[in-house]
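Architecture and fold: a report
Residue strings, one per chain:
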Amino acid sequence: MKTNPIILVMLGVLLAPGPSHGAFAGEVAIIVNKENPSEGVSFRELVKIFRQEKQFWESGKKVYLLMRETGAPEKAVVLRKLYTMKDDEELKKFWLEKVFRNEIASFPKTLSSDEAIKRFVRQVPNAIGFIDAASVDDRVKALRIDGKLPGEAGYALTDSF
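Heads up: these notes are all about the structure in this document. (Residues numbered from 1 in each chain as written. Predicted model: local features only at pLDDT ≥ 70, side-chain atom pairs only at ≥ 80, totals over all residues. Heavy atoms only, no water.)

Right, let's talk about helix α4 (residues 88-100) for a bit. Because the α-helix completes a turn every 3.6 residues, residues three or four places apart line up on one side. With 13 residues, α4 ought to run about 18 Å at 1.5 Å a step, and its terminal C-alpha atoms sit 18 Å apart, in line with that. Among the residues of α4, Asp-88, Leu-91, Phe-94, Trp-95 and Lys-98 are the ones counted as buried. Across the axial projection of α4, the buried residues extend over an arc of 115 degrees, all falling on one side. Along α4, the residues that are exposed and aim more than 90 degrees away from the buried face are Glu-89, Lys-93 and Phe-100. The inward-facing, buried residues of α4 contact α2 (43-50), β3 (64-68) and α3 (73-82). The opening residue of α4, the one whose side-chain oxygen lies 3.1 Å from the backbone nitrogen of Glu-89, is Asp-87. The positive-phi residue at the C-terminal boundary of α4 is Asn-102, with phi of around 65 degrees. (Helix = DSSP H or I, 4+ residues; strand = E, 2+ residues; numbered from the N terminus. Expected span 1.5 Å × (residues − 1). Buried < 20%, exposed > 50% of the residue type's maximum accessible area, 1.4 Å probe, protein only. Arc of directions from axis to C-beta. Contact = heavy atoms within 4.5 Å. Polar contact = N/O pair within 3.5 Å; in protein donor to acceptor, adjacent residues only side chain to side chain.)

The following block contains the structure:
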């Protein structure tokens with residue numbers, strides 16, 4: 001029996017994996033500029049970066065932290081997983097206390113979309129932000145967390161509880 005090459009191509013398209021990073025729905029990718037030498041961080045180090053307890057990259061450059069606006073599903077995952085907080089009100093209080101104690105000069109920059117975060121990260125070599133893992137493309141670098149990228153079993157920033 002001969003196999004029809006058109007059917008094989010169609011089957012290949014149907015069975016082909018999604019984006020090369022293998023992201024699943026509900027996963028959040030941590031992204032940096034492609035020139036950033038970091039390939040990954042531990043979950044513990046990531047928490048310190050996002051809480052601004054670690055404010056400098058290994059190169060000595062200041063970390064420029066980016067956040068998403070209220071209501072973004074990715075922000076809800078970051079709030080729950082990295083800040084162990086339920087909502088933006090808790091996060092605002094957290095940042096106000098840090099500013100009041102002079103631990104940081106100002107709140108992190110907040111942007112409205114994955115595209116805005118990617119654009120900023122591409123332009124600012126020391127920036128770090130988070131986006132829907134399905135939005136990762138070759139213009140930015142997704143950091144491994146404890147050695148894992150979005151789509152890999154055991155990845156830390158998923159929508160699961």
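After presenting the structure, the write-up continues.
In this section: the packing of aromatic side chains. Scanning all chains against the criterion turns up five aromatic pairs. Ring plane angle 70 degrees and centroid distance 5.9 Å describe the contact between Tyr-83 and Phe-94, whose orientation is recorded as edge-to-face. Pair noted here: Tyr-83 is in the loop between α3 and α4 and Phe-94 is in helix α4, with a separation of eleven residues, a long-range link. The pair Tyr-83 / Phe-94 is uniform in exposure class, with both members buried. Site record: aromatic cluster; members linked through ring pairs are Tyr-83, Phe-94 and Trp-95. The side chain of Lys-62 reaches across the aromatic face of Phe-56, ending 5.3 Å from its centre. (Phe/Tyr/Trp six-rings, centres within 6.5 Å; stacked < 30°, edge-to-face > 60°. Lys NZ or Arg CZ within 6 Å of the ring centre and 35° of its normal.)

Moving on, we come to the pattern of salt bridges. Close approach of charged atoms allows side chains of opposite charge to pair. Under the counting rule described, the total for this entry stands at 16 salt bridges. Across the pair Arg-68 and Asp-114 runs a salt bridge whose closest N-O atoms are separated by 2.7 Å. Note that Arg-68 is positioned in strand β3 and Asp-114 in helix α5 (residues 114-123), a separation of 46 residues in sequence. The pair Arg-68 / Asp-114 is uniform in exposure class, with both members buried. The partner of Arg-101 in a salt bridge is Glu-103, with the nearest N and O atoms 2.6 Å apart. Each of the salt bridges in this network shares a partner with another, and the network as a whole consists of Glu-97, Lys-98, Arg-101 and Glu-103. (Salt bridge = Lys/Arg side-chain N within 4 Å of Asp/Glu carboxyl O.)

Attention now moves to the packing of α2 against α3. Remark: α2 packs on α3, axes separated minimally by 10 Å, with the N-to-C direction vectors making an angle of 110 degrees. The angle between the axes of α2 and α3 places the two elements in the roughly perpendicular class. Once α2 is placed against α3, the crossing between them reads as left-handed. Along its contact with α2, which presents Phe-43, Leu-46, Val-47 and Phe-50, the element α3 presents Val-78, Lys-81 and Leu-82. Tallied by class, the residues present in the contact of α2 with α3 amount to six nonpolar, no polar and one charged. (Axes fitted to C-alpha atoms, helices over the stretch in contact; angles between N-to-C directions. Parallel < 35°, antiparallel > 145°, perpendicular 65-115°, else oblique. Left-handed = near helix turned anticlockwise from the far one by under 90°. Nonpolar A, V, L, I, M, F, W, Y, C, P; charged D, E, K, R; others polar.)

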